[in-house]
Amino acid sequence: MPRKLLQRLLSWVDAAMATSAVSFITFWTKVERSYRRPSSRLSLLLRFSFYPLLALGALSWLGWDWKYNHALDSAEDAIFDRVVNWRPVQPKPSGRTVIVEIDDCSIEYYRSLGEGGWPWSRQRHADVLDKLDRAGVRSVGYDVMFIDPSTQDPIGDATLESMAEGGQGRFVFASSRRHSDFDRDATLRAAAAPGAFPLLTGAARPGPQIALVLPYGEAMTRYSGLSNVTRNEDGVLRDVHLRERLGDWAIPSLPQRIAAHANRRATSSFPSSVRVNWRKNARLPYLSAANLLEGKQVCQQASPRLPLLKDRVVLVGYTAAGVNDAKPTPVNPAMPGVEVLAEATEALVANSAIWMPPSWVKYVLAAVLVLLTAFAFWRGEPATDVDSVFVATNVALLLLAFSGLTFFGVFFDIFSSVGFVSLCFGLCRLYAGIQRGRAVGNGDYLDEFDPDRDRWLVIGRLRFVPNAALDRRAAARRRREYRRRLRRFLYAGSDAVMLEGVVERKSWLHDTLDDLMVLVWKGGDQTTARELARRDLDALHIHLNAHDDRLDDDGVVRVAVVAAEIDDGLDASDRGERLRLREVLGRALNTPQEWPLSACNTFTHVSPPPPGANPCPSS
């Protein structure tokens, strides 16, 4: 008994689902037709001009974005952040750049000794420099602002100034760029700024006014560099700017001056910015300031041994909580400012910066790919195999980005271009789908066939027969070209409905059926239907041979035509309309009689024209 109840319940559920499915499909069909039929009428109006218009719109947007918005750059930045965090292997630091951090432990250590907390005395900063000098460092960047002389430690001030003077550029101190609103009241000129160099030959002196916050000492000012770090538009720091431009002059940054001294290069030889090869786990060597000063490990650090300092480039700065100026980077939402400057210095000293193509490359690439995409669809809808090729290309580019960034420090920032082109490709495929829907007689795109109104059908079977002299590859190319031109003719709008895809192109039956294409015309009487077929076939011949590369030169299109009245009411059998349509299609597929497609296809006539009459009047 329970089993019968279960079966009855399942039968009821199955019937309810079938009924609801029919109701939903009927409703959804109305929804689809509400927008598909208007789009089909629009496609008849635009025809193939849609694709040049789309290309023109896309190129216009690219030009506007390049000049004003830079949306492609923003999209590229987001992709870069993902790749740099997901890459399986991170580059190891060269070891040439070391960070001496004034951390919480260092501050607490000297506070516990009764020597005061933060800020440190100038003498202690001088002791840090002295320790580094004795260790044989190549260059030091001090990311601590010494704006005013100390009233409590004049000896420490004098020591710092003496070390800056004696170092001759070996010790570089931090300066800061004030907001440009303060420039008009500034007394300093760009040409006289610390380390300033001209960007153009014969740059005018003394240059524009510039407001800077400089160290107190004359030598410290002379050997100072900007420590300001400008973020990207979304607030994340990816590229470190190496100089501040003001008119025809540039004021170098702290990393730029350090690297110039360490590598014996002119500051003007470096680029305007550098994209750091950000590391999530493999950090630069760190050394606590207290450990440096005491010569032993009083503050715990990653390695029990102090890092080597001889011939190293050192950045000194604070990382203590509440003191450091943390910056969001792709790998750390709060990276200490001194580490950011050290990473930029490492990129310059070790030549480990990420190489990226110029920004304009992605715009040019997008423009070229959009033009190629629009041209491909304008010629005729490409084969569906193009979709898989497009996806495979994107996957290959993704793998290339991972491997390039992981192993070679190269990032091909073309993903936003490919994404933009994918959007255009999708719009082209969508529009081609509308054209195809109408061409194949889909009722969502045009009025459905009404046998009471259109009683006669003319079915034409078309196939392209290449010349026997063509080799196999040439014959396949000509057959593909024939199908492309035929689709373009039908997509542009005709009275025919195509029955394409009786078998898949890659099916073993495809060669057997000889690239079959079936076209159907309808009419209220036989003469009307046949006349519509004649006009379309005449126009098709012109279209297929309207190029210098004429199809007629390499083969012939053979046509078989069958006409029949549908549901004429004379047959008393119960075969029904559907079976009769199958019979007509079967006759069209099986008839051995064929004619070559020409400019005047008289085989479509009901009867031969009378003598002296024009068999093919102009359409």
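Bear in mind the structure is a predicted one, so any value in this text is a computation, not a measurement.

(A) Spatial organisation of the state of the cysteines. In this structure the tally under the stated criterion is one disulfide. Not part of a disulfide, Cys 424 finds its nearest cysteine sulfur in Cys 428, a span of 6.8 Å.

(B) Here's a closer look at the side chain of Arg 487. Within the secondary structure, Arg 487 sits in helix H14 (residues 472-491). By relative accessible area, which is 11% here, Arg 487 ends up buried. Among the polar contacts made by the side chain of Arg 487, one reaches the main-chain carbonyl oxygen of Glu 381 at a distance of 2.8 Å.

(C) Up close: the sheet that holds strand S9 (residues 249-252). Across the sheet, three strands lie side by side as S4-S9-S8; this open sheet has antiparallel pairing. The open sheet has two free edges, formed respectively by strand S4 (197-198) and strand S8 (243-246), since each of these has just one partner strand. Judged from the two bridges that link them, S4 and S9 form a sheet pairing that is antiparallel. Note on S9: the bridge partner recorded for Pro 198 is Trp 249.

(D) Highlighting helix H8 (residues 254-262). Among the nine residues of H8, eight are classified as buried, and the element is accordingly described as predominantly covered. Looking only at H8, the buried set comprises Leu 254, Pro 255, Gln 256, Arg 257, Ile 258, Ala 259, Ala 260 and Ala 262. Of the residues flanking the end of H8, it is Arg 264, one or two places downstream, whose phi is positive at about 55°.

(E) How the structure looks around the side chain of Arg 461. Along the polypeptide, Arg 461 turns up in strand S13 (residues 456-466). Its relative accessible area of 8% is what places Arg 461 among the buried residues. Only 3.0 Å separates the side chain of Arg 461 from the backbone oxygen of Thr 591, close enough to count as a polar contact.

(F) Molecular detail of the sheet that holds S13. Reading across the sheet, the five strands line up as S14-S15-S13-S16-S17 and stay open at both edges, with antiparallel pairing between neighbours. Either end of the sheet is taken by a strand with one partner, and the two such strands are strand S14 (497-499) and strand S17 (595-596). Relative to strand S15 (residues 517-523), S14 is paired through three bridges, and the arrangement is antiparallel. Opposite Leu 499, over in S15, you have Val 518 as the bridge partner. Where H14 meets the sheet, it contacts S13, S14, S15 and strand S16 (555-565), and its direction lies at approximately 150° from that of S13. Each of S13, S15 and S16 is contacted by helix H16 (residues 526-544), which is oriented at about 140° to S15, the strand it contacts most.

(G) Inspection of the pairing of S8 at higher detail. As judged from the four bridges shared by S8 and S9, these two strands associate in the antiparallel manner. What sits directly across from Arg 243, in S9, is Pro 252. Counted between consecutive antiparallel strands, the loop separating S8 from S9 contains two residues, among which Gly 247 sits at a positive phi close to 65°.

(H) Region of the structure containing the nonpolar core. In this structure, Tyr 51 and Tyr 482 are the most contacted members of the largest nonpolar core, which totals 50 residues. If you list the elements that add at least two residues to this core, you get helix H2 (50-69), helix H11 (359-379), helix H13 (415-439), S13, H14, S15, H16 and S16. For this core, the element with the most residues is H13, which contributes eight residues. Counting 41 residues, the second largest nonpolar core, distinct from the first, contains Val 338, Ala 347, Ile 414 and Val 418.

(I) Examining the packing of helix H12 (residues 385-408) against H13 more closely. At their nearest, the axes of H12 and H13 sit 12 Å apart, and the two run at 170° to each other. By the criterion of interaxial angle, the relationship of H12 to H13 is roughly antiparallel. On H13, the residues touching Val 386, Asp 387, Phe 390, Asn 394, Leu 397, Leu 398 and Ala 401 of H12 are Phe 415, Val 418, Val 421, Ser 422, Phe 425 and Arg 429. Looking at side-chain class alone, the contact of H12 with H13 contains nine nonpolar, two polar and two charged residues.

(J) Fine view of the pattern of salt bridges. This model, assessed by the stated rule, comprises 33 salt bridges. A salt bridge links Asp 325 to Lys 327; the nearest nitrogen and oxygen atoms lie 3.2 Å apart. With relative accessibility at 31%, the residue Asp 325 sits in the partly exposed group. Between Arg 478 and Asp 554 there is a salt bridge, with the nearest N and O atoms lying 3.0 Å from each other. Taken together, the residues Arg 478 in helix H14 and Asp 554 in the loop between H16 and S16 connect sequence positions 76 residues apart. Asp 554 carries the same exposure label as Arg 478, and that label is buried.

(K) Just the packing of helix H5 (residues 122-135) against helix H6 (residues 154-167), in detail. Contact geometry of H5 with H6 gives a least axis separation of 7 Å together with a crossing angle of 30°. Put simply, H5 runs roughly parallel to H6. The way H5 lies across H6 gives a crossing that is left-handed. Across from Arg 122, Gln 123, His 125, Ala 126, Leu 129 and Asp 130 in H5, the residues of H6 making contact are Ile 155, Gly 156, Asp 157, Thr 159, Leu 160 and Met 163. A per-class count over the contact of H5 with H6 returns five nonpolar, four polar and three charged.

(L) Quick peek at unusual backbone geometry. Going from Trp 118 to Pro 119, the amide bond is cis rather than trans, its omega being 0°. Within the element layout of this structure, Pro 119 appears in the loop between helix H4 (104-112) and H5. Each neighbour pair has its own omega, and for Arg 205 with Pro 206 the value is 5°, a cis peptide bond. As for its placement among the helices and strands, Pro 206 is situated in the loop between S4 and strand S5 (212-213). One non-glycine residue, Arg 264, adopts positive backbone phi at about 55°. Counting through the fold element by element, Arg 264 comes out in the loop between H8 and strand S10 (273-275). We classify Arg 264 as exposed; its relative accessible area is 61%. Here the phi dihedral of Asp 311 falls at roughly 60°; this positive angle occurs in a residue that is not glycine.

What counts, and where the lines are drawn
- Numbers given to residues run from 1 along each chain, matching the order in which its sequence is written.
- In keeping with the model being predicted, local features are shown solely for residues with a pLDDT of at least 70 and side-chain atom pairs are shown and tallied solely at 80 or more, while totals for entire chains, interfaces and linings include all residues.
- The basis for the side-chain values is all heavy atoms of the structure; hydrogens and waters are excluded.
- Whenever a pair of cysteine sulfur atoms sits within 2.5 Å, that pair is classed as a disulfide.
- Labels follow the DSSP assignment, with helices taken as runs of H or I lasting at least four residues and strands as runs of E lasting at least two, numbered in each case from the N terminus.
- Whether a residue is buried, partly exposed or exposed follows from its accessible area with a 1.4 Å probe, protein chains only, as a fraction of its type maximum: under 20%, in between, or over 50%, in that order.
- Polar contact is the term for a pair of N or O atoms within 3.5 Å; when the atoms are in protein, one must be able to donate a hydrogen and the other to accept it, and sequence-neighboring residues count only if both atoms are side-chain atoms.
- Two strands pair under a simple rule: DSSP has to find at least two bridges between them.
- Should any heavy atoms of two residues lie within 4.5 Å, those residues are considered in contact.
- Axis lines are fitted through C-alpha atoms, for helices just across the contact stretch, and the angle between N-to-C directions can take any value from 0 to 180 degrees.
- Among buried residues, the Ala, Val, Leu, Ile, Met, Phe, Trp, Tyr and Cys ones that are joined through side-chain atoms within 4.5 Å form a nonpolar core.
- Every angle not falling under 35 degrees, over 145, or within 65 to 115 is termed oblique; those three ranges are roughly parallel, roughly antiparallel and roughly perpendicular.
- Side-chain classes are defined by residue name, with Ala, Val, Leu, Ile, Met, Phe, Trp, Tyr, Cys and Pro counting as nonpolar, Asp, Glu, Lys and Arg as charged, and the others, Gly among them, as polar.
- For this document, the term salt bridge refers to a Lys or Arg side-chain nitrogen within 4 Å of an Asp or Glu carboxyl oxygen.
- A crossing counts as left-handed when the near helix is turned anticlockwise from the far one by less than a right angle, and as right-handed when that turn is clockwise.

Note that all results are geometric; they support no functional claim without further evidence.
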